[in-house]
Amino acid sequence: MPQILVQDLAKTYRVAERDPGMFGAVRGLVRRRWRTVQALKDVSFSLERGELLGFIGPNGAGKSTTIKILSGILRPDSGRVEIEGLVPYADRIKHVGRIGVVFGQRTQLWWDLPVIDGFDLLRDIYRVDPKRYRTTRDELVAMLRLEKLLDQPVRQLSLGQRMRAEIAAALLHEPSILFLDEPTIGLDAPSKLAVREFVKKLNQERGVTVLLTTHDMHDIEALAQRVIVIGHGRVLADSPFEALRANVLAERRLFVDFAGDPPTLDLPGVEVRKRDGRSLELAFDPRITTAPALIAAITARHAVEDIHVEQPAIEEVIAKFYDLHGANEA
Amino acid sequence: MNALALLGRYFSASMRSQMQYPASAIMLTTGQLASTAIEIVSIWALFDRFGAVKGWSFGEVMFFYALIGISFSFADFLTRGFDVFGTDFVRTGAFDRLLLRPRSAALQLVGHDFRISRFGRFFQAAIILTIATSTLNFVWTPQAALLALWTVAGGIAFFSALFVLQAVMAFWTVESLEAVNALTYGGVYAGQFPLSLYARWFRTFLIFIVPLACVAYFPVLAILGRSDPLGAPDWFLPLAPVAGFVFLGLAFLAWRFGVSKYTSTGS
């Protein structure tokens, strides 16, 4: 039995449409026009204990709706969810005591209170045993380097500091599952790295199951063993990221700086993407030719100053994937 | 930790965060005291010109005014989270955060905030009660004191129910909350005067629909030892505040309905 089981989830919203202006608002009170939006059509997947899943998709694809249903605050129209044997929305209070949730854009700490006071309140809200709480808290404080922040009111923290505190806050009750919704949004580079490193450690050393939604593909690259792409309310792909890359955009890039003017190349499976002075950017299909063979063929005939191979950036792969599935912003 | 102990923790957290800005807390409290004091001056002006109104003296009206003020200030203190529910929780999505915690949303809303400044109205009402006592040469027997406590308890339940209902409205619309504000603040104002001054339809409304009269007019008659000029039986007067608790129970039923609507529509 998987730890998280999601079957045939469907959810339709009714959205009230309002005419602009004051008369529109008044009319809206009396008679509303409704538009239905099918946020989820058919979403199924399952997750084993200890997995780290990246959940991606364009805005409006159904990511947040799925996360809301999994965390018990939204009821689907049809389909089944079971997490550690509980149906989240039917057994909300019991369920939410076992999971941790971090929303990148919302705080769960108390704005005017020192961080440590917020932690203490969460201990009481989650009914954590005081002794156990001290151990967990001290570990989290050490791992996330929060020592100096504990006595500061949350409003005085930088975004990066606050996010570290938020993550600790979500883990004080030692949940076995962590939902991270855009945990690196708006963070500077060192904070992003710190968050990623921590999440990886948490997953590998503690075996906490992590479900991560993000628009930052570097999060996915650094963390996710497995990626689910969601679009138009359906699961479009569910595989390790490398498999997704192989299917969507297998090509590699070869960057060559020639000693003289770049030649016209005519090699099988190779295409010139860009020409810039003495440099060429080539795209090649690794199933037709390999990097060493291509480099050998070029250096045998031409004088070359520098050469290196790259894979297309992960953003490019995902953009191509959305494109192929017509999944761009709904 | 049980719910009551948790509320204690919330309470102390709220006090500490307001004490981050002590000057602001003191000024807001004084401001509430001063602004409510103006109300009583306007009522005094009325009675000073006309003497008694339909058999009610200024001292008696001050009694109504004071007990309503005390009830309202406590309810406002305890249910601030419901008062700001539409703007601070539904509109911002912060309500999701409450639902993600293993406690009832209502408990967390009560714990959300306890505004110190609400004691401005409380102090003002307590002063008025003292003045009313001496004006009427009223003697506080133990029975009268108990009855006053019971009246205030019913009043707190009644006004809390109004704030809860206001929050329930926010599940459907966050734009017409002023309409419910008219009920809460209008209720305070209407409760300050004896019921017999009002038109018949309005009296019916205040007894049976929004039972303000049951937590103000009727029990205060009992405290003052007067019979109801409208003819409600004497035995009923001290029992009337029960209606406040019934009203609160109904408000929480509506609240549960609202929460389940929210979790099925996500808005």
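All values reported here derive from a predicted model rather than from experimental measurement.

(A) Representation of the interface of chain B and chain A in the model. Contacts between chain B and chain A engage 30 residues on the former and 33 residues on the latter. Broken down residue by residue, the surface that chain B buries against chain A is led by R97, L100 and P102 of chain B, which jointly contribute 23%. Counting the contacts that link chain B with chain A gives 4 salt bridges. Between D124 of chain A and R9 of chain B there is a salt bridge whose closest N-O contact spans 2.6 Å. Remark: the boundary between chain B and chain A carries 17 residue pairs in polar contact (both at pLDDT 80 or more). Of all elements in the fold, only α1 (3–18), α6 (94–99) and α14 (242–265) of chain B reach the threshold of two or more residues within the side of chain B that touches chain A. Ranked by the residues each element gives to the side of chain B that touches chain A, the list is headed by α1 of chain B, at 6 residues. In the side of chain B that touches chain A, the residues fall into 12 nonpolar, 11 polar and 7 charged.

(B) Structural view of the nonpolar core. Counting 169 residues, the largest nonpolar core has F119 of chain A together with F85, F95 and W255 of chain B as the members making the most contacts within it. In terms of residue count, helix α9 (residues 142–169) of chain B provides more of this core than any other element does, 14 residues in total. Of all hydrophobic cores here, the second largest spans 11 residues; its members include L254, L265, L267 and F284 of chain A.

(C) Expanded view of the layout of surface pockets. All names here are of chain B. Taken as a whole, the second largest pocket encloses approximately 880 Å³ of empty space. Elements that contribute at least two residues to the lining of the second largest pocket include exactly α1, α2 (22–50), α5 (85–90), α6 and α7 (105–112). Of all the elements, α1 adds the most residues to the lining of the second largest pocket, at 5 residues. Here the lining of the second largest pocket is composed, by residue class, of 15 nonpolar, 12 polar and 8 charged.

(D) Structural detail: unusual backbone geometry. All names here are of chain A. Even without being a glycine, R127 presents a positive backbone phi close to 55 degrees. You can see R127 is positioned in the loop between α4 (115–125) and α5 (130–143). Phi angles above zero are rare outside glycine, and R145 is one such case at about 50 degrees. Locating R145 in the fold gives a position in the loop between α5 and α6 (159–171).

(E) Molecular detail of the pairing of strand β6 (residues 177–181) of chain A. Residues and elements named next belong to chain A. With 5 of its 5 residues buried, β6 lies for the most part within the structure. Inspection of the sheet shows strand β5 (residues 99–103) paired to β6 by 5 bridges, in the parallel sense. Across the sheet, I99 pairs through a bridge with I177, a residue of β6. In terms of strand pairing, β6 meets strand β7 (residues 209–213) through 5 bridges, oriented parallel. Residue pairing across strands places D181 opposite T213, the latter belonging to β7.

(F) Geometry of a nonpolar patch on the surface. A cluster of nonpolar residues, V242, V246, L250 and L253 of chain B, forms a patch on the protein surface that exposes about 370 Å² of accessible area. Along the polypeptide, L250 of chain B turns up in helix α14.

(G) Spatial organisation of the domain arrangement of chain A. Under the domain assignment, chain A is made up of domain 1 (4–246) and domain 2 (250–311). Relative to domain 2 of chain A, the C-alpha centre of domain 1 of chain A lies at a distance of 43 Å.

(H) Broad picture of the packing of α4 of chain A against α1 of chain B. Their axes nearest at 10 Å, the elements α4 of chain A and α1 of chain B cross at an angle of 165 degrees. Between α4 of chain A and α1 of chain B, the angle is such that the two are roughly antiparallel. When the axes of α4 of chain A and α1 of chain B are compared, the crossing they make is left-handed. Across the interface between the two elements, D117, L121, R123, D124 and I125 of chain A from α4 of chain A touch L6, R9, Y10, A13 and R16 of chain B from α1 of chain B. Of the residues in the contact of α4 of chain A with α1 of chain B, the class split is 5 nonpolar, no polar and 5 charged.

(I) The pairing of strand β1 (residues 4–17) of chain A, seen in detail. All names here are of chain A. Bridge count between β1 and strand β2 (residues 33–47): 11 bridges; the pairing is antiparallel. By the bridge assignment, A16 is partnered in β2 with W34. Alignment of β1 against strand β4 (residues 78–83), held across 5 bridges, turns out to be antiparallel. The residue bridging V6 from the neighbouring strand is V81, located in β4.

Cut-offs used in this document
Position numbers for residues count from 1 along each chain, tracking the sequence in the order it is written. Labels follow written order: the first chain is A, the first ligand is 1, and so on. Only residues with pLDDT of at least 70 get local features here, since the model is predicted, and only at 80 or more are side-chain atom pairs given and counted; chain-wide, interface and lining totals rely on the full set of residues. Processing note: side-chain calculations cover all non-hydrogen atoms of the structure and skip hydrogens and water entirely. Only heavy atoms enter the contact rule, under which two residues are in contact if any of them lie within 4.5 Å. Accessible surface is computed with a 1.4 Å probe, and the buried area is the amount of it that two parts give up when combined, taken over both parts together. The working definition used for a salt bridge is a side-chain nitrogen of Lys or Arg within 4 Å of a carboxyl oxygen of Asp or Glu. Pairing of N or O atoms within 3.5 Å defines a polar contact, subject to two protein rules: one partner must be a possible hydrogen donor and the other a possible acceptor, and residues neighboring in sequence count only if both atoms are side-chain atoms. Working definition: helices are DSSP H or I runs of at least four residues, strands are E runs of at least two. Numbering for both runs from the N terminus. Just so you know the grouping, Ala, Val, Leu, Ile, Met, Phe, Trp, Tyr, Cys and Pro go in nonpolar, Asp, Glu, Lys and Arg go in charged, and all remaining residues, Gly too, go in polar. Definition of nonpolar core: a set of buried residues of the types Ala, Val, Leu, Ile, Met, Phe, Trp, Tyr and Cys, connected through side-chain atoms within 4.5 Å. Summary of the burial criterion: residues with accessible area below 20% of their type's maximum are buried, those above 50% are exposed, and those between are partly exposed, where the area comes from a 1.4 Å probe applied to protein chains only. Method remark: on a 1 Å grid restricted to protein atoms, a set of points is classed as a cavity if a 1.4 Å probe fits but cannot get out and as a pocket if it is open with protein on both sides within 12 Å along at least five of seven lines; lining residues have an atom within 4 Å of a point. Grid points are joined across faces, edges and corners, and a volume is the space filled by probe spheres set on the points. DSSP bridges decide pairing: two strands pair if at least two such bridges lie between them. Surface patches are drawn from residues lacking salt bridges whose relative accessible area is over 30%; two like charges belong together within 9 Å, two nonpolar side chains (Val, Leu, Ile, Met, Phe, Trp, Tyr) within 5 Å. Under the convention used here, a 1.4 Å probe and the Shrake-Rupley method define accessible areas, while residue burial counts only the protein chains that appear. All the domain ranges listed were derived from an automatic or database domain assignment. Lines fitted to the C-alpha atoms define the axes, with helices restricted to the stretch that makes contact. Angles between their N-to-C directions range from 0 to 180 degrees. Here is the rule for angles: anything less than 35 degrees is roughly parallel, anything more than 145 is roughly antiparallel, 65 through 115 is roughly perpendicular, and the remaining ranges are oblique. The handedness criterion is simple: a crossing whose near helix is rotated anticlockwise from the far helix by less than a right angle is left-handed, and one whose near helix is rotated clockwise is right-handed.

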